[in-house]
Amino acid sequence: MSMPLASRIKSTGERLLPPTLRERRAAERQEVAAQAAKERRLAKIARRRRELCESDPAVEPFTLDEGEYLGRVVEHFTAAGASARNLELVTAALEHAGLDHFLVRGRSPLRYVVGVRRCDRKRFLDTMRELYGASAVFAVKPGKGGVVESYSAYVDGALAEEIKTGLIIRFAEPLLSPTGRVLGGFEYGCDVQFWREGADLLERENAAELIRRLKVQAPPEVVADSWVAPTRNRVADVLPSAQRKPATLEVNDRAYPTFEPFTWKLVDDVDFPIDVVYTWVDGDDPEHAAKRARYRGEAASVNGRAANASRFTSHDELRYSLRSLEMYAPFVRHVHLVTDDQVPDWLDTESAGISVVDHRQIFVPEALPTFNSHAIGTRLHHIPGLAEHYLYFNDDVFLARPVQPNRFFHANGIAQVPFSPFQFGTGEPVVGEPAPNSAGKNVRALFAEDFGRHIVHKFKHTPHPQIRRVAVEVEERYRSEVERTARSRFRSLEDVGFAATMHHHYALLTGRAVPGEYRMRYVDIGAKDAAERLAAIEASDEVEFFCLNDYDTPPQAQERVTRMVHDFLGSRFPFPSRFEKST
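One structure accompanies this document, and this report is about it. (Residues numbered from 1 in each chain as written. Predicted model: local features only at pLDDT ≥ 70, side-chain atom pairs only at ≥ 80, totals over all residues. Heavy atoms only, no water.)

Counting its regular elements, the chain contains 18 helices and 26 strands. Viewed in the frame of its principal axes, the chain has a C-alpha envelope of about 110 × 65 × 50 Å. Looking at the chain as a whole, 51% of its 583 residues qualify as buried. Taking contacts inside the chain between residues at least 6 apart in sequence as the whole, the part at least 24 apart equals 71%. (Helix = DSSP H or I, 4+ residues; strand = E, 2+ residues; numbered from the N terminus. Buried < 20%, exposed > 50% of the residue type's maximum accessible area, 1.4 Å probe, protein only. Contact = heavy atoms within 4.5 Å.)

Following this line, the structure appears as C-alpha cells:
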C-alpha cells in the first residue's frame, strides 16, 4: 500500500530540513513518545493500585516524603510483631517454592535476615511475584546503614532492575493505624541475602578484592568449601560446609531453620531479666488531693512547687507510656507499678506481666503518706520479686522507637546511665532552686568525702537503668541520709536524690556504670512552645525517648493542655496494651 500523499509531502519536507533541525525534531518526538509511555505506565499503576484497594479494604494509599505508597491498616501493632510479620511473608514464599533457607544473625535489631543460595534467586522472586503480585508488599534495595536506595511495589508490575539483581533485597508491607499514621515501614522489612558459592567467587576476575572485603579471612581452600554472605553479620560471612549443621531459632513461638553458629549466645548478648518500675499518682483523685492538702504545711522548706497540684496532675500519661513499652520493648520481663493506694480505672490488674505495688509494701508505716518522689525513689529496690536489673520510669516518659536491652545495660551487667548537660550548681542548697539541684548538692557532699570526687551533672528525663545491688549498698552506706529522705513527706532541702543521682554516680564510682548516649526530647507541656516541640518530635526519626513534663501548668490552661497531650499520644500509640481492660 502506497504512502498517503500528505505523509509523503511531510516526509519529503523533513528530509529537506537542515540536519540539526531534523535531529532536534527527532529528539522532540522521542521525548513526546517517552512521556506518553510514562503516562500510560503511571495510569496502569494507578489502576492496579485502585483495584487492589477496592478488593482489599484494609489496604490504603498514603504519602510520605512526597512518595506515594500503599499500606495495610492494622488493629494492633508492635515493632517486634511487624518484623516477624515480614519474616513470615518471605518464608511463606520460600516454603511454597520448596527452597532451602536459613535465619542469619543480622546486625540490625529492627529486622530479620534470611539466607538463600544465589542460584535460587530467580525461583524465589518468581514465587514472591506469584504470591504477592496483587498486594501492598514492596521490594527494596537497601543501601549502607539500612537506608532505602530504591523500591518497587509488587502491585505496580515488574521490579526495578537494580532491585531484582541485587544480592540483598528487603521485603516489607507497610503497616498503618486506622487514622493513616505509618506505624511500620521499610525499616521492619525482612532482608533476603543471596549467599554465593565460595568456589564461584574465587573464579571471578575481582576475586582478590572480594575476598579482601570479607570479615572472615580464610585460606582459599576454606573459601572454596564455603557459602559466602553478601555482607557482614554478627557471626561470620564465610560458612564452611562442616559448620552448616541444621538448627532452629524461635520467633513468636515458631521455629525457623538456621545453622548452628547462628544460634550461639554471643559475648555481647544481654540475656538477663530486666523489669520496669513506674511511679504513679492520680492527683485528680479527691481523696488523694484532700490527703495532700492536710500535709501541705510541711512542704515550706524547698519551694511552693514541692506541693504544687500540677506535679500530681494526671493526663493519662501512664496509659500511653505502657503502650509505648509494649510497642517498642519486648524484652521487659515484668512491670511494677508503685502507687499510693490507687489503681488506674483502666488498668487490668489481672493481666500477666504487671503488678501494682502499694506504698505500704515498701515503706515503714511511720513514713506514710508520702508525696515526695525523692522518698519513693529510696524504696524501689524493696519491691518484692524485683529483678536485679530494672528500668525506672516516671509515667511521663515514653519510648519513641524500638529499643533493645543493650541500650541500657552491657552484657556484663554494667549500666549505661543518662547524664544530662544540666548541672547542680555550686554552693549549698538554697530555697527556690529546683529540688533536683539541692538533692544533688547533698549527694555531692557525701561522695566528695568518701571518693574525693565532686559530681556536677544531673540526669536526663529518660528510663533510668538500675542495679538492685547498687541501691542496697547505697542505702546501707548512707543509711541516715537515705532514711531522712524516705521520711520526708514532701521534697525538702535536706533530701538526697537516690534513684538517679546517688545510684548512677555510686555505680559509676564503683565500676558498675558508664555514661550512655540517650537521644531524647523534653517538653514542658504547659510552656508556650509545647506544640512546636511536639511537632519536632513528630518530624524526627532519631528521637528514642521523650518526656512530657507538667512543670507548672496554670489551672486555666489545664483543659487545653490535656487535649493537646491526648491528641499527640493517641496518634503515636493508638492501640490498647495488654495491660488495659477490654472495653
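In this sheet, strand β14 (residues 254-259) lies alongside strand β13 (residues 246-251) in antiparallel orientation, the contact comprising six bridges. Opposite valine 251, over in β14, you have arginine 254 as the bridge partner. (Pairing = 2+ DSSP bridges.)

What follows covers the sheet that holds strand β26 (residues 545-549). Pairing is mixed in the open sheet, where three strands are placed in the order β19-β26-β25. Only two strands of the sheet have a single neighbouring strand rather than two, namely β19 (397-399) and β25 (520-524). Each strand of the sheet is rotated relative to its neighbour by a mean of 20°, with strand direction disregarded. Relative to β26, β25 runs parallel, the two sharing five bridges. Bridging across to β26, valine 523 finds its partner in leucine 548. Sitting on the sheet, helix α17 (residues 530-539) touches β25 and β26, and the angle it makes with β25 is about 160°. (Axes fitted to C-alpha atoms, helices over the stretch in contact; angles between N-to-C directions.)

Time to look at the sheet that holds strand β23 (residues 464-467). Pairing in this open sheet of five strands is mixed, and the strands run β17-β16-β15-β18-β23 from one edge to the other. Looking at the sheet topology across the chains shown, the edges are occupied by β17 (354-358) and β23. Mean inter-strand twist for the sheet, computed between neighbouring axes without regard to direction, equals 30°. Of the pairings in the sheet, the one linking strand β18 (residues 389-394) to β23 comprises four bridges and is antiparallel in character. Its bridge partner lying in β23, tyrosine 392 is registered against histidine 464.

In a regular helix each residue adds 1.5 Å, so 19 residues correspond to 27 Å; helix α3 (residues 79-97) covers 28 Å between its end C-alpha atoms and thus fits that length. Listed in full, the buried residues belonging to α3 are Ala79, Ala82, Ser83, Ala84, Asn86, Leu87, Leu89, Val90, Thr91, Ala93, Leu94 and Ala97. One or two residues past the end of α3 sits glycine 98, with phi positive at roughly 70°. (Expected span 1.5 Å × (residues − 1).)

What follows deals with the pattern of salt bridges. Applying the stated criterion across every chain, the model contains 41 salt bridges. The closest approach of N and O atoms between aspartate 56 and arginine 72, which form a salt bridge, is 2.8 Å. In this pair, aspartate 56 sits in the loop between α2 (19-55) and β1 (59-64) while arginine 72 sits in strand β2 (residues 67-73), placing the two residues 16 residues apart along the sequence. The class of arginine 72 is buried, set by a relative accessible area of 18%. One continuous salt-bridge network, built from bridges that share partners, spans Asp56, Arg72, Arg85 and Glu173. (Salt bridge = Lys/Arg side-chain N within 4 Å of Asp/Glu carboxyl O.)

With the rule as written, the count across this model stands at 34 aromatic pairs. Put simply, the rings of Phe62, Tyr69, Phe138, Tyr151 and Phe186 pair up and form one aromatic cluster. Sitting above the plane of the tryptophan 227 ring, arginine 244 keeps its charged end 4.1 Å from the centroid. (Phe/Tyr/Trp six-rings, centres within 6.5 Å; stacked < 30°, edge-to-face > 60°. Lys NZ or Arg CZ within 6 Å of the ring centre and 35° of its normal.)

So, on to the side chain of threonine 279. Turning to its location among the elements, threonine 279 is positioned in strand β15 (residues 274-279). Since its relative accessible area comes to 12%, threonine 279 is described here as buried. In this structure the side chain of threonine 279 is engaged in a polar contact, spanning 3.4 Å, whose partner is the side chain of asparagine 394. Ignoring any residue separated from it by four or fewer positions in sequence, one finds threonine 279 in contact with Val338, Ile376, Leu380, Tyr392, Phe393, Asn394 and Asp395. (Polar contact = N/O pair within 3.5 Å; in protein donor to acceptor, adjacent residues only side chain to side chain.)

To continue, consider the pairing of strand β5 (residues 138-142). By the criterion of burial, β5 is predominantly enclosed, with four of the five residues buried. Pairing geometry for β5 and strand β6 (residues 148-153), over five bridges, is antiparallel. What sits directly across from lysine 141, in β6, is serine 150. Joining the antiparallel neighbours β5 and β6 is a turn of five residues, in which glycine 145 adopts a positive phi near 75°.

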